[in-house]
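Okay, here's what each chain looks like letter by letter:
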Amino acid sequence: MPAAGGHRSDLPEVTFCAAPIAACACGLQHGRMSTTRRHIFDPLNLAALLTLGAVAFSMRYYDPARQATAWLLLGLFSLGFLSLSLFPPRLRRVEHVVIAVMPIVALALIALDPKPGTAPVLLVIWIAVAFSDWSPRVATIALVVVDTIYYLILKYVAGFGAPLMSVLIFAGFQAFAALCMHYARSAERARDALARVNADLLATRALLADSARDAERLRVARELHDVAGHKLTAMRLNLRALGEDPAFADHPQVRIAEQLSGELLGDIRNVVQALRNSGQLDLATALRALAAPMPRPRLRLTIDDDVRVTDPAIAEAVLRLVQEALTNAAKHANADTLDVTLQRDGALLHVAIEDDGRVRDGWREGNGIAGMRERLAALRGQLRLARSPRGAMRIDAELPV
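Residues numbered from 1 in each chain as written. Predicted model: local features only at pLDDT ≥ 70, side-chain atom pairs only at ≥ 80, totals over all residues. Heavy atoms only, no water.

A. Region of the structure containing the pattern of salt bridges. Inspection of every chain in the model, using the stated rule, returns 6 salt bridges. For the salt bridge of Arg 394 with Glu 354, the shortest nitrogen-to-oxygen distance reads 3.0 Å. With Arg 394 in strand β5 (residues 393-400) and Glu 354 in strand β3 (residues 348-355), this pair connects stretches of sequence that are 40 residues apart. Residues Glu 398 and Arg 384 are paired through a salt bridge, measuring 3.7 Å at the closest nitrogen-oxygen approach. (Salt bridge = Lys/Arg side-chain N within 4 Å of Asp/Glu carboxyl O. Helix = DSSP H or I, 4+ residues; strand = E, 2+ residues; numbered from the N terminus.)

Next comes the structure, spelled out in structure tokens:
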């Protein structure tokens, strides 16, 4: 991706991402990763769907007078299970309600025909879902409550002779499913954390690489000015003195050499000035590298053409500001998109950040926002927070450049 300064930043792809960090010219990062939501064709989902099919097949052995109710209950359970793959992240509360209702439907189906059958396997599917969304502690408490109700159904509704044995058998399957889901989600979270750290390192490396290039460019400019410029000036003075000597006054080659040396000296000065003016850190690539592994919000980046950042400390402050905004938008606002705009106003760099989520009422600044303020204050900058008319978080920062 071309930097505003004209050079290109060749960075490798961010781990776990399908596209290079700067692949999108419009400034919009890629969409959600599969780790943040279930997908219908996830292997674990396919196993659950196969189990639901087996339960549906066993419905043929139900009492004909109760088959319609049984099909209705199984349909509700299946619909709730499938809907979990369709809820957007901002409907997490609805998703939790669906997960809480699923065992009630399963227990109702078990009570409808309480003799040992395939219906209790629905509780195995449910506990796997619960452990994927709820904390292990909450899911475990829910499992104990549900299995207790299952035991009471077997003992007092079905009059089953060994209810505890049946409950323990299915509890073993439930524990196995819960542990499988818990460790699968833990692995995914670790993978995503590694992706974020990798992106942070790539973003920092992009700034360091630009800073090193600018330092080398400045060194070359100084060498050209101090060494080549000095010697060319001395040569031009000598040629001018030689041209004023009567013995060489009639030689046009001396005048031509003196003229060419002056033009060469001017060209070197122009090159030195261009090298000094072209020094700029590639913030666009660094910011996209930072946002690349995050499933949401997606980064929509706008940088005005006159924005030039040459100070690594300023670039690092902008990078951490956007990083904190991305984290807050994902954790607290359930935002899908984060708009970041960088504008130049004289000696000030304006950074405007706004997401499309909703901040809960009664929010207060935490350690992340305090860290933002401290970082900007150290650079003589300012930070302002506000809620947009639609309830989203808006961050405005100013930094002297």
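B. Region of interest: the pairing of β3. Of all 8 residues that make up β3, 7 are buried, and the element is covered over most of its length. Pairing of strand β2 (residues 337-345) with β3 involves 8 bridges; the strand directions are antiparallel. In the sheet register, Arg 344 faces β3, and the bridge partner there is Leu 349. Linking β2 to β3, which pair antiparallel, is a turn of 2 residues; within it Gly 346 sits at a positive phi near 65°. Bridge analysis of β3 against β5 gives 7 bridges, and the strand direction is antiparallel. Bridge assignment links Ile 353 to a residue of β5, and that residue is Ile 395. (Buried < 20%, exposed > 50% of the residue type's maximum accessible area, 1.4 Å probe, protein only. Pairing = 2+ DSSP bridges.)

C. Just the pairing of β5, in detail. Counted residue by residue, β5 has 7 buried out of 8 residues, so it is predominantly covered. Pairing of strand β4 (residues 382-387) with β5, which is carried by 6 bridges, proceeds in the antiparallel orientation. Bridged to Gln 382 within β5 is Glu 398. The loop that links β4 with its antiparallel partner β5 comprises 5 residues; one of these, Gly 391, has a positive phi angle of about 95°.

D. Fine view of the packing of helix α8 (residues 283-291) against helix α9 (residues 312-331). Between α8 and α9, the least distance of the axes is 10 Å, while the angle of their chain directions is 30°. Between α8 and α9, the angle falls in the class roughly parallel. Note that α8 runs across α9; the crossing there is right-handed. Contacts from Leu 283, Ala 286, Leu 287, Leu 290 and Ala 291 in α8 reach Ala 315, Val 318, Leu 319, Val 322, Gln 323 and Leu 326 in α9. Partitioning the contact of α8 with α9 into residue classes produces 10 nonpolar, 1 polar and no charged. (Axes fitted to C-alpha atoms, helices over the stretch in contact; angles between N-to-C directions. Parallel < 35°, antiparallel > 145°, perpendicular 65-115°, else oblique. Left-handed = near helix turned anticlockwise from the far one by under 90°. Contact = heavy atoms within 4.5 Å. Nonpolar A, V, L, I, M, F, W, Y, C, P; charged D, E, K, R; others polar.)

E. Fine view of a nonpolar patch on the surface. A cluster of nonpolar side chains, contributed by Ile 141, Val 145 and Ile 149, occupies part of the molecular surface with about 250 Å² of accessible area. Relative to the assigned elements, Ile 149 resides in helix α5 (residues 136-157). (Patch = residues over 30% accessible without salt bridge, like charges linked within 9 Å, V, L, I, M, F, W, Y side chains within 5 Å. Areas by Shrake-Rupley, 256 points an atom, 1.4 Å probe, with all protein chains shown as cover.)

F. Just the sheet that holds β4, in detail. Strand order in the open sheet formed by 5 strands is β1-β2-β3-β5-β4, with mixed pairing between adjacent strands. The open sheet terminates on both sides in strands that have one partner only, identified here as β1 (298-303) and β4. Averaged over all neighbouring strand pairs, the angle between strand axes comes to 15°, with direction disregarded. Here 6 bridges tie β1 to β2, and the two strands are oriented parallel to one another. The residue bridging Ile 303 from the neighbouring strand is Leu 342, located in β2. Its contacts with the sheet put α8 on β1 and β2, and the angle it makes with β1 is roughly 170°.

G. Examining the packing of helix α2 (residues 67-83) against helix α3 (residues 92-112) more closely. At a minimum axis separation of 9 Å, α2 and α3 run at an interaxial angle of 160°. Taken together, the axes of α2 and α3 lie roughly antiparallel to each other. Pair α2 / α3 crosses with left-handed handedness. Contact with α2, carried on its side by Thr 69, Ala 70, Leu 73, Leu 74, Leu 76, Phe 77, Gly 80, Phe 81 and Ser 83, involves Val 98, Met 102, Val 105, Ala 106, Ala 108, Leu 109 and Leu 112 of α3 and no other residues of that element.

H. Quick look at the side chain of Arg 320. By the element assignment, Arg 320 lies in helix α9. Among the polar contacts made by the side chain of Arg 320, one reaches the side chain of Gln 323 at a distance of 3.1 Å. Apart from residues lying up to four places away in sequence, Arg 320 is in contact with Asp 200, Thr 204 and Arg 375. (Polar contact = N/O pair within 3.5 Å; in protein donor to acceptor, adjacent residues only side chain to side chain.)

I. Expanded view of the packing of aromatic side chains. Applying the stated criterion across every chain, the model contains 1 aromatic pair. Ring centres of Tyr 150 and Phe 170 lie 6.2 Å apart, and the angle between their planes is 80°; this geometry places the pair in the edge-to-face category. Of this pair, Tyr 150 sits in helix α5 while Phe 170 is found in helix α6 (residues 163-243), placing the two residues 20 residues apart along the sequence. For Tyr 150, a relative accessible area of 2% corresponds to the buried category. Given the relative accessible area of 17%, Phe 170 is considered buried. Residue placement shows Lys 155 over the ring face of Tyr 156; its charged tip is 5.7 Å from the ring centre. (Phe/Tyr/Trp six-rings, centres within 6.5 Å; stacked < 30°, edge-to-face > 60°. Lys NZ or Arg CZ within 6 Å of the ring centre and 35° of its normal.)

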